[in-house]
Amino acid sequence: MQTVKLAAIPAAFSSSCFMFRPVTKTLGLISRRNHSQKPPFRLLARAFSAPALQTIDTTDNKGGVAVKPQWKAAIDFKWIRDNKEAVSANIRNRNSNANLELVLELYEKMLNVQKEVDRLREERNAVANKMKGKLEPSERQKLIEEGKNLKEGLVTLEEDLVKLTDELQQEAQCIPNMTHPDVPVGGEDCSIIRKTVGNPSVFNFPVKDHFQLGKALDIFDFDAAAEVSGSKFYYLKNEAVMLEMGLINWTLSEVIKRGFTPLTTPEIVRSSVVEKCGFQPRGANTQVYSIEGTDQCLIGTAEIPVGGIHMDSILSESLLPLKYAAFSHCFRTEAGAAGTATRGLYRVHQFSKLEMFIFCQPEESDSYHEELIRIEEDLYSSLGLHFKTVDMATEDLGAPAYRKFDVEAWMPGLGRYGEISSASNCTDYQSRRLGIRYRPSQLSSTNTKKGKGPTRFVHTLNATACAIPRMIICLLENYQQEDGSVIIPELLRPFMGGLERISPKCS
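Residues numbered from 1 in each chain as written. Predicted model: local features only at pLDDT ≥ 70, side-chain atom pairs only at ≥ 80, totals over all residues. Heavy atoms only, no water.

### Remarks on the overall build of the protein chain
Per the secondary structure count, the protein chain includes twelve helices and 22 strands. Considering the protein chain as a whole, with its 507 residues, one finds that 49% of them fall into the buried category. For the protein chain, the share of sequence-separated contacts (at least 6 apart) that also reach a separation of at least 24 residues comes to 76%. A total accessible area of about 24300 Å² is found for the protein chain, and carbon and sulfur atoms account for 51% of it. (Helix = DSSP H or I, 4+ residues; strand = E, 2+ residues; numbered from the N terminus. Buried < 20%, exposed > 50% of the residue type's maximum accessible area, 1.4 Å probe, protein only. Contact = heavy atoms within 4.5 Å. Areas by Shrake-Rupley, 256 points an atom, 1.4 Å probe, with all protein chains shown as cover.)

Below, the structure is given as structure tokens:
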């Protein structure tokens, strides 16, 4: 039996211990027209979004046992060096622990070792060429010795180069994406409210929170779940099950109308895919459950398996944008979460969620980011919720996010706003790590072989359409009645068998 265990290991060690197939899939029809137009997207966003592909077998120092190194990030180190001040300011503004000075130091060392490796290779090749000619035995023996010495020196330097490259990768992959210039700088308190929708519900009776309501309505069972699974787990019962199914089906029907393709996803993924999406699957404060003895994790969001669906692919421009709406269960450790503000369904280890995800051309990602937040606002306003949309400050951005909008809804029983969704533009941070590119339509066939034109990395965006537990909190607390019942919003009723109200059970 496999066990799920949080594996806290030093950051210097890679959790990706398996090899990738160096296969590139090509999807869609490729045009022969030439494309010379450069992306208008800001260069600041590209240097750290750059990981890709590459796995090479190396050998250790003690007898040639094959080592399988982690995936490599095709980071533009020269750009980082040339834009050191901008990169440093971004790291500082995001309160990141990335060590830029160490990255640049390792980069210079790597360049120097690479130059020496190249020099020795040239000398070795020159010796090999001399050996092809007619030589005196003494001269040939001299060249043999020289070639042997060069080979031994080259092996040592190449081993040093591999180690330096791996160390550089480990440090550089900690550098976050660059940040949209309009994002407020600072902590969460510096975030800016973009929009406020609706007004708080008004009650003329004592308000209950969802925990109290759910117990009285017999739709939750936290006690039994704690015995079976531990704290922060729950059973949904009776009408709560219908409410979850109704929310998922209603939300899915709405986003399908907006051009999204429905998906269900794997809920166990490789650790490397988690890393490439910008999450840390192992460490003291990770939110990810790792499966002991494997290179696999439980997903914390469908963003991860959907992000990987086109991994190592070249897409045709005609396929873009690709819009997915993915249903999955999500698993999170919620390390450090405690207190009455997180009781009940607000912060749990397992929940259902419908996630929107878009692959698009770079120049279109800002507009699709706005589209995603509009969809979220339309969904939640149609449910009659009072909420605000927030442009999150730099210190509240995850490493992949170029910009992030949160939606915080009023939860009267908890007496505060709570986050119910977010929408992030990750630019090419994830796609460069995952190796997802597209081939632009060519303007001319001049000097361009069929299907061999230049490629660009897509941009990726993700947004929550419906996170079930927090949506249930909002509906129960905002639609509660004095008699203890809860009204079902009218638009959900057809998805719940016509149910209009959840009423307390007769004792």
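After that view, the rundown keeps rolling.
### Regarding helix H5 (residues 210-217)
Within the span of H5, buried status applies to His210, Leu213, Gly214 and Leu217. Taken around the axis of H5, the buried residues stretch over an arc of 95°, which confines them to a single face. Residues of H5 that are buried sit in contact with strand E6 (220-221), helix H12 (468-478), strand E21 (486-487) and strand E22 (501-502). Here H5 starts with a cap whose side-chain oxygen sits 3.1 Å from the backbone nitrogen of Phe211, and that cap is Asp209. Backbone geometry just after H5 places Asp218 at a positive phi near 60°. (Arc of directions from axis to C-beta. Polar contact = N/O pair within 3.5 Å; in protein donor to acceptor, adjacent residues only side chain to side chain.)

### Quick word on unusual backbone geometry
Going from Leu320 to Pro321, the amide bond is cis rather than trans, its omega being 0°. Along the chain, Pro321 turns up in the loop between strand E12 (313-316) and strand E13 (322-331). Unusually for a residue other than glycine, Asn238 sits at a positive phi of about 50°. The residue Asn238 is located in the loop between strand E7 (235-236) and helix H7 (239-257) in this model. Using a relative accessible area of 39% as the deciding quantity, one classes Asn238 as partly exposed.

### Notes on the packing of aromatic side chains
Inspection of the entire model under this criterion finds nine aromatic pairs. Consider the rings of Phe203 and Phe205, whose centres lie 5.4 Å apart with planes at 75°: the pair is edge-to-face. Accessibility expressed as a relative area gives 15% for Phe205, which makes it buried. For the ring pair Trp410 and Tyr417, a centre distance of 5.2 Å and an interplane angle of 65° mean the geometry is edge-to-face. Judged by relative accessible area, Trp410 falls into the buried class, the value being 19%. (Phe/Tyr/Trp six-rings, centres within 6.5 Å; stacked < 30°, edge-to-face > 60°.)

### Topic: the nonpolar core
Counting residues in hydrophobic clusters, the biggest one holds 57 residues, and the most contacted among them are Phe220, Leu247, Leu385, Ile420, Met471, Ile472 and Leu492. Ranked by residue count, the leading element in this core is H12, at seven residues. Among residues more than four places away in sequence, those in contact with Phe220 are His210, Gly214, Tyr235, Leu236, Lys237, Ala240, Leu345, Ile472 and Leu476. (Core = buried A, V, L, I, M, F, W, Y, C linked by side-chain atoms within 4.5 Å.)

### Notes on the pattern of salt bridges
This structure, assessed with the given rule, holds 27 salt bridges. For Glu116, the salt bridge is made with Arg119, and the minimal N-O distance between the two is 2.3 Å. Taken together, the residues Glu116 and Arg119, both in helix H3 (residues 100-131) and three residues apart, mark about one turn of the helix. With relative accessibility at 35%, the residue Arg119 sits in the partly exposed group. Here Glu334 ties to Arg347 by a salt bridge, and the two come within 3.3 Å at their closest N and O atoms. Taken as a pair, Glu334 in the loop between E13 and strand E14 (350-360) and Arg347 in the loop between E13 and E14 lie far apart in primary sequence, 13 residues in all. Given the relative accessible area of 11%, Glu334 is considered buried. Given a relative accessible area of 24%, Arg347 falls into the partly exposed group. Through salt bridges with shared partners, a single network forms among Lys78, Arg81, Asp82 and Glu108. (Salt bridge = Lys/Arg side-chain N within 4 Å of Asp/Glu carboxyl O.)

### Details of the side chain of Ser191
Along the polypeptide, Ser191 turns up in the loop between helix H4 (137-172) and strand E5 (192-197). When its relative accessible area of 17% is taken as the criterion, Ser191 is described as buried. Those residues in contact with Ser191 that lie beyond four places of it in its chain are Pro184, Val390, Asp391, Met392 and Ala393.

### A look at the side chain of Gln430
Following the sequence through the fold, Gln430 ends up in helix H11 (residues 429-434). Setting aside its immediate chain neighbours within four residues, Gln430 contacts Lys276, Cys277, Glu303, Phe357, Pro400 and Thr460.

### Topic: the sheet that holds E14
Ordered in space as E5-E15-E16-E17-E20-E14-E13-E8, the eight strands form an open sheet in which the pairing is mixed. Each of the sheet's edge strands pairs with one partner strand only, and the pair in question is E5 and strand E8 (261-264). Ignoring strand direction, the axes of neighbouring strands in this sheet form an average angle of 25°. Its contacts with the sheet put H7 on E8, E13, E14 and strand E20 (459-467), and the angle it makes with E14 is roughly 10°. (Pairing = 2+ DSSP bridges. Axes fitted to C-alpha atoms, helices over the stretch in contact; angles between N-to-C directions.)

### Quick look at the environment of Ala224
Note on placement: Ala224 falls in helix H6 (residues 222-228). For the pair Ala224 and Tyr234, spaced ten residues apart in the sequence, the C-alpha separation amounts to 7.6 Å.

### So, the confidence of the model for the protein chain
Per-residue pLDDT for the protein chain averages 84, and the proportion of residues at 70 or more is 81%. Across residues 5-69, where pLDDT falls below 50, the model places 177 contacts with residues more than four positions away in sequence or in other chains. Contacts of residues 443-448 to residues separated by more than four positions or lying in other chains number 15 contacts, the stretch itself having pLDDT below 50. (pLDDT = per-residue confidence, 0-100.)

### Examining the environment of Val197
Among the secondary structure elements, Val197 is positioned in strand E5. Taking C-alpha positions, Val197 is 8.2 Å from Glu377, a pair spaced 180 residues apart along the chain.

### Quick look at the environment of Asn97
As for its position among the elements, Asn97 is in the loop between helix H2 (84-93) and H3. Given a relative accessible area of 71%, Asn97 falls into the exposed group. C-alpha separation for the pair Asn97 and Cys174, spaced 77 residues apart in sequence, amounts to 7.6 Å.

### What about the packing of H7 against helix H10 (residues 365-382)?
It is the contact of H7 with H10, at a shortest axis distance of 11 Å, that shows an interaxial angle of 135°. With respect to their mutual orientation, H7 and H10 come out oblique. The crossing of H7 and H10 is right-handed. When H7 is examined against H10, the residues Trp250, Thr251, Glu254 and Val255 are found in contact with a partner set consisting of Ile375, Leu379 and Ser382. (Parallel < 35°, antiparallel > 145°, perpendicular 65-115°, else oblique. Left-handed = near helix turned anticlockwise from the far one by under 90°.)

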